[in-house]
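# Structural description and commentary
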Amino acid sequence: LSQSMTQGKVNEDNNNDWLPPKDTGEAKDLTPSKLTLTFGFGPSFFSKNGEDRFGLADKKPKHLKDIPAMPRDDLQEPFIGGDISVQVCADDQQVAFHAVRNLIKSSVGVAEVKWMQSGFISAPDEKTPRNLFGFKDGTANSSSTDSESHNRIIWANNSEPAWMQGGTYMAFRKIQMFLEVWDRSSLKDQEDTFGRKKDSGAPYGKVKEHDKVSLMQMPPTSHTALAKGTRQEIYRRAYSYTDGVDPKTGNINAGLMFISYQKNPDTQFIPMLKVLSQQDKLNEYTKHIGSAMFACARGVRKGEYIAQSLLE
């Protein structure tokens, strides 16, 4: 099913008018729109309350566990954890939703949806996308063609179970942004919060976005200074979201779906998150309301299905 959808195909009808159509139909006549599907497995997939649910506990990845609670967390159900994650991305939102819908349809009686969140990201070619605060998000990422950096930062090595080698860990945090408060803040305060210039993305004291950061030239509690100060590297791929208006406050319910990929969240992601949660000036304008960690298997080879060596 995933393979056919990424190729822009739809399931053929069964030629029986008295049965439901095999495909929901809303993507018919549309292009594949660069549709991709990324699957991950949460800690609870391998064991829950001490129970080896599917006989796979011995194949659990070394660093797969729930993200520890942070001091400022305000985690809210249902955006916590999950057995399996499916990240669906496409250039056309209708194509992406078609994929989600047909996966749900095909899983009736086997799985049920715990939570779902739609998001968006947009940037000109070769440009870093911006978050809803208007700042560039992902400046520190290595180049998409830098395989050496990706091997160092992203891909799991032979210290992991065989099915996980060449895969990665996906960390997820749903972060609510207080846009109304932010929009009343001065440009200087906004830039001091990030430690970067809003227009260019350049770190304080520098001119260009990718100039080397000088920690001495930016506020010590700025987001960039703290993240860089941990000396850890991750690969960010965040998406913005908007969910209407909060009926209690009248404010826009919007924010960031922070997603990062790393080969060892224990040494790369979690130490960085601890520092940021305690000292980051950005905490004045945000609240973490969702959290999850998933292990993603390596890419599928021709003739295989997702995580085949895990499930067989």
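The rules we used
- Residues numbered from 1 in each chain as written.
- Predicted model: local features only at pLDDT ≥ 70, side-chain atom pairs only at ≥ 80, totals over all residues.
- Heavy atoms only, no water.
- Helix = DSSP H or I, 4+ residues; strand = E, 2+ residues; numbered from the N terminus.
- Rg over C-alpha atoms; globule rule 2.2 N^0.38 Å.
- Buried < 20%, exposed > 50% of the residue type's maximum accessible area, 1.4 Å probe, protein only.
- Contact = heavy atoms within 4.5 Å.
- Areas by Shrake-Rupley, 256 points an atom, 1.4 Å probe, with all protein chains shown as cover.
- Lys, Arg positive; Asp, Glu negative; His and termini not counted.
- Charge placed at Lys NZ, Arg CZ, Asp CG, Glu CD.
- Salt bridge = Lys/Arg side-chain N within 4 Å of Asp/Glu carboxyl O.
- Core = buried A, V, L, I, M, F, W, Y, C linked by side-chain atoms within 4.5 Å.
- Arc of directions from axis to C-beta.
- Disulfide = S-S within 2.5 Å.
- Polar contact = N/O pair within 3.5 Å; in protein donor to acceptor, adjacent residues only side chain to side chain.
- Phe/Tyr/Trp six-rings, centres within 6.5 Å; stacked < 30°, edge-to-face > 60°.
- Lys NZ or Arg CZ within 6 Å of the ring centre and 35° of its normal.

Take the overall build of the protein next. The number of helices and strands found in the protein is nine helices and seven strands. In terms of overall dimensions, the protein is globule-like: its C-alpha atoms have a radius of gyration of 21 Å, near the 20 Å expected for 312 residues. Counting only C-alpha atoms, the protein reaches 65 × 45 × 40 Å along its principal axes. Counting only residues that meet the buried cut, the protein has 43% of its 312 residues in that class. Intrachain contacts of the protein at a sequence separation of at least 6 include 72% that bridge at least 24 residues. Of the roughly 17500 Å² that the protein leaves accessible, carbon and sulfur atoms contribute 51%. Seen as two clouds, the 40 positive and the 39 negative side-chain charges of the protein have centres 5 Å apart.

A cis geometry characterises the amide bond from Glu77 onward to Pro78, with omega recorded as 10 degrees. Along the chain, Pro78 turns up in the loop between α2 (43-46) and β2 (84-89). The phi torsion at Arg231 lies on the positive side, around 60 degrees, for a residue other than glycine. Checked against the element boundaries, Arg231 lands in the loop between α7 (223-229) and β4 (235-236).

This next bit is on the pattern of salt bridges. Any two side chains of opposite charge can pair if their charged atoms end up close together. Counted according to the given criterion, the structure contains 14 salt bridges. The partner of Asp74 in a salt bridge is Lys287, with the nearest N and O atoms 3.3 Å apart. In this pair, Asp74 sits in the loop between α2 and β2 while Lys287 sits in strand β7 (residues 286-296), placing the two residues 213 residues apart along the sequence. Residue classification places Asp74 among the partly exposed residues on the basis of a relative accessible area of 32%. Taking relative accessible area as the criterion, Lys287 reaches 24% and is therefore assigned partly exposed.

Phe41, Phe46, Phe133, Trp163, Phe269, Met293 and Leu310 are the most contacted members of the largest nonpolar core, which totals 38 residues. Mapped onto this core, the elements with two or more residues apiece are α2, β3 (168-177), α5 (179-183), α7, β6 (252-262), α8 (269-279) and β7. Looking at which element gives the most residues to this core, the answer is α8, with five residues. Ranked by size, the runner-up nonpolar core spans 14 residues in total, among them Ile154, Ile259, Ile289 and Ala292.

Inspection of α8 places Phe269, Ile270, Met272, Leu273, Leu276 and Ser277 among the buried residues, and these make up the whole buried set. Projected onto a plane normal to the axis of α8, the buried residues spread over an arc of 155 degrees and lie on a single side. Of the surrounding secondary structure, the elements contacted by the buried residues of α8 are β3, α7, β6 and β7.

What follows covers the state of the cysteines. For the structure shown, the criterion picks out zero disulfides. Note on Cys296: no disulfide assigned, nearest cysteine sulfur contributed by Cys89 at a separation of 11 Å.

Note on placement: Ser142 falls in the loop between α3 (93-106) and α4 (147-153). What makes Ser142 buried here is its relative accessible area of 17%. A polar side-chain atom of Ser142 sits 3.4 Å from a polar atom in the side chain of His150. Residues contacting Ser142, with those up to four places away along its chain left out, are Ser149, His150, Ile153 and Tyr235.

Next up on the list: the packing of aromatic side chains. Applying the stated criterion across every chain, the model contains 14 aromatic pairs. Relative to Trp163, the ring of Phe41 has its centre 5.9 Å away and its plane inclined at 85 degrees; by these criteria the two rings are edge-to-face. With a gap of 122 residues between them, Phe41 in strand β1 (residues 36-41) and Trp163 in the loop between α4 and β3 connect regions that are remote in the sequence. An identical accessibility class is assigned to Phe41 and Trp163; each is buried. On the numbers, 6.0 Å between centres and 75 degrees between planes, the contact of Phe135 with Trp182 is edge-to-face. Residue Phe135 is found in the loop between α3 and α4, and its partner Trp182 is found in helix α5; the two are separated by 47 residues along the sequence. According to the relative accessible area criterion, Phe135 is buried, its value standing at 2%. Connected via pairs of aromatic rings, a cluster forms that spans Phe41, Phe45, Phe46, Phe54 and Trp163. The positively charged end of Lys174 is found above the aromatic ring belonging to Phe79, 3.6 Å away from the centroid.

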